[in-house]
Amino acid sequence: MDLGIAGRKAIVCASSRGLGRASAFHLADAGCEVVVNGRDKAKTEATAAEIARATGAKVIPVVADVSTREGQAALFAAMPEPDILVNNNAGPPFRDFRELDRQKMIDGVVGNMIVAIELIQQVVDPMKARNFGRIVNITSGSVKMPIGGLDLSSGARAGLTAFLCGVARQLAPHGITINHLLPGSFATDRLEHNMQTVAKNQNITVEQAKAARTATVPAKRFGDPDEFGAACAFLCSKHAGYITGQNLLMDGGVFPGAF
Ligand SMILES: NC(=O)c1ccc[n+]([C@@H]2O[C@H](COP(=O)([O-])OP(=O)(O)OC[C@H]3O[C@@H](n4cnc5c(N)ncnc54)[C@H](OP(=O)(O)O)[C@@H]3O)[C@@H](O)[C@H]2O)c1
């Protein structure tokens, strides 16, 4: 399918690896000029070069911490007026909620809620002027189905979702959409790391930990980041202009509700 966004400009935050990388890849493959971002210089530059080689698109690596004002400024210096913004960031680590002091909670809310809102504040006026904008926030299935120990992540991301609910309606008359993609278990470095921790804590092998996790997924497998990237690019496409304020769960059927 022609996504109808060739020539559009896209910033994909936290995209040197994993779900962000897959989203950047599919946007580049659709003909967008893409900013790829991460804190690790070698990895970010290598990913940008790989995507450019595979797709023929212009891909700009920006080595920056998206959680900081300086990092955000670096993203906009590389691409001042994006048509597409994909918000992504690392999530807070697994922790009993009693271990969260005030600073840790503030950092979690900044990372998974405030940063996305700050970036959106900066992109929407030029989008309004062009009567086109696509904003996708990578959040988590935990927004709908919170996971004990990831309470800060669930709370901050649910806060982002609620905050943007009204904003999406405010921006809809201007051709701008805001949607959320909610991953379940996708085979990324982050999941690999989680599985190693589970294996260590339960004194089982990593393969056993993965088998136990996939057994809980109706699809009986982990998601492929490529599937995620394709869905993200679709939400950024010209065809998705009538979809806004939505939460798209991609979890292989784990969430059991009809709505
Ligand atoms: N994979 C899953 O199954 C799953 C499930 C639910 C939710 N999620 C959420 O989805 C998001 C992406 O997960 P993932 O699995 O793709 O993670 P990942 O494989 O660990 O990749 C994270 C990416 O983000 C970059 N990054 C992290 N912090 C950054 C920062 N402050 N500034 C700029 N770049 C940063 C990393 O590069 P550097 O380290 O070089 O900065 C890397 O490119 C996370 O918020 C995660 O909590 C994932």
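Residues numbered from 1 in each chain as written. Predicted model: local features only at pLDDT ≥ 70, side-chain atom pairs only at ≥ 80, totals over all residues. Heavy atoms only, no water.

Details of the sheet that holds strand β7 (residues 247–250)
Within the open sheet, the seven strands sit side by side as β3-β2-β1-β4-β5-β6-β7. Their pairing is parallel. Strands at the two margins of the open sheet, each flanked by one partner only, are β3 (59–63) and β7. Taken over all neighbouring pairs, the strand axes of this sheet differ in orientation by 15 degrees on average, direction set aside. Here strand β6 (residues 176–183) runs beside β7; their pairing, made up of four bridges, is parallel. Bridge pairing in β7 links leucine 181 to leucine 248. Contacting β5 (133–138), β6 and β7, helix α5 (residues 151–171) runs over the sheet at an angle of about 155 degrees to β6. (Pairing = 2+ DSSP bridges. Helix = DSSP H or I, 4+ residues; strand = E, 2+ residues; numbered from the N terminus. Axes fitted to C-alpha atoms, helices over the stretch in contact; angles between N-to-C directions. Contact = heavy atoms within 4.5 Å.)

Observations regarding the pairing of strand β2 (residues 33–38)
The two faces of a sheet get side chains in turn, since along a regular strand they alternate between them. Counting buried residues in β2 gives six out of six residues, a clear majority hidden from the surface. Here β2 shows no split at all, with Glu33, Val35 and Asn37 on one side and Val34, Val36 and Gly38 on the other all buried. In the sheet, strand β1 (residues 9–12) pairs with β2 via four bridges, with the strands oriented parallel. Pairing of lysine 9 across the sheet is with glutamate 33, part of β2. (Buried < 20%, exposed > 50% of the residue type's maximum accessible area, 1.4 Å probe, protein only.)

Thoughts on the pattern of salt bridges
Applying the stated criterion across every chain yields a total of 13 salt bridges. Measuring nitrogen to oxygen at the nearest pair gives 2.8 Å for the salt bridge that ties glutamate 227 to arginine 221. The structure contains a network of salt bridges with shared partners spanning Arg8, Glu81, Asp83 and Arg130. (Salt bridge = Lys/Arg side-chain N within 4 Å of Asp/Glu carboxyl O.)

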